[in-house]
Amino acid sequence: MLKTINEAKNYAIDRISQIEGEDLIETEKLLVQTELENLFLEKLSKEISNEEIEQLQAENQEDLEWKLFYKVPNYSSLLEDTTAEFLTDYLSSDEEDDEE
């Protein structure tokens, strides 16, 4: 079960590396991390408003994530579903690029 966006990012990078059979270069890792985080934040914004996020006032990203974890009832499943969706799209587009 994924509980934080950092866990999701690491999981995605590990899975992609495992499936592709090689480690990702640093720029590719950053791309995966950024795209996954953006996709998750987009989905999270449908569950909770930016104003509500600002009201949670956390000292750092980790504290904010734990507060969101308790505020959004389906936080973990949303994170897991988003990660699965991202991996499917990423690996599908990678296969399409290989075919061209």
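Provided above is the structure to which this section pertains.
So, how was this worked out
Residues numbered from 1 in each chain as written. Predicted model: local features only at pLDDT ≥ 70, side-chain atom pairs only at ≥ 80, totals over all residues. Heavy atoms only, no water. Core = buried A, V, L, I, M, F, W, Y, C linked by side-chain atoms within 4.5 Å. Buried < 20%, exposed > 50% of the residue type's maximum accessible area, 1.4 Å probe, protein only. Helix = DSSP H or I, 4+ residues; strand = E, 2+ residues; numbered from the N terminus. Contact = heavy atoms within 4.5 Å. Arc of directions from axis to C-beta. Polar contact = N/O pair within 3.5 Å; in protein donor to acceptor, adjacent residues only side chain to side chain. Salt bridge = Lys/Arg side-chain N within 4 Å of Asp/Glu carboxyl O. Phe/Tyr/Trp six-rings, centres within 6.5 Å; stacked < 30°, edge-to-face > 60°.

Q: Talk me through the nonpolar core; I want residue IDs and the actual numbers.
A: Within the largest apolar cluster, 24 residues are counted, with the highest numbers of intra-cluster contacts made by Ile16, Val32, Leu44 and Phe86. For this core, the leading source of residues is helix H5 (residues 75–99), giving seven residues. Aside from chain neighbours lying at most four places away, what touches Leu44 is Leu68, Val72, Tyr75 and Leu78.

Q: Describe helix H4 (residues 61–71), with residues and values.
A: Listed as buried for H4 are Leu64, Glu65 and Leu68. Taken end-on, H4 shows its buried residues confined to a sector of 100 degrees, consistent with a single buried face. What points out from H4, more than 90 degrees from its buried face, is the exposed set Glu62 and Tyr70. The backbone nitrogen of Glu62 lies 3.1 Å from a side-chain oxygen of the residue at the head of H4, namely Asn60.

Q: Go over the environment of Phe86, please, and point to the residues and values.
A: Tracing the backbone shows Phe86 in helix H5. Residues contacting Phe86, with those up to four places away along its chain left out, are Ala12, Ile16, Val32, Glu35, Leu36 and Leu39.

Q: Help me get a handle on the pattern of salt bridges, residues and values and all.
A: Evaluation of the coordinates by the stated rule reveals four salt bridges. We note a salt bridge from Glu37 to Lys9, for which the minimum N-O separation is 2.8 Å. Placement of the pair is Glu37 in helix H2 (residues 26–44) and Lys9 in helix H1 (residues 5–20), with a sequence separation of 28 residues. For Lys9, a relative accessible area of 11% gives the class buried. Close ionic contact of Lys71 with Glu52 constitutes a salt bridge, the shortest N to O distance being 3.9 Å. Highlighted residues: Lys71 in helix H4 and Glu52 in helix H3 (residues 50–55), separated in sequence by 19 residues. On the accessibility criterion, Lys71 (43% relative accessible area) is partly exposed.

Q: Got a sec to walk through the packing of aromatic side chains? Specific residues and values, please.
A: Per the stated rule, a full pass over the model turns up five aromatic pairs. Note on Trp66 and Phe69: the rings are 5.5 Å apart at their centroids and 75 degrees apart in plane angle, and the pair reads as edge-to-face. With Trp66 and Phe69 both in helix H4 and three residues apart, this pair spans about one turn of that helix. An angle of 75 degrees between the planes, with centres 6.0 Å apart, marks the rings of Phe69 and Tyr75 as edge-to-face. Given the relative accessible area of 21%, Phe69 is considered partly exposed. The structure contains a cluster of three or more aromatic residues connected by ring pairs, namely Phe40, Trp66, Phe69, Tyr70 and Tyr75.

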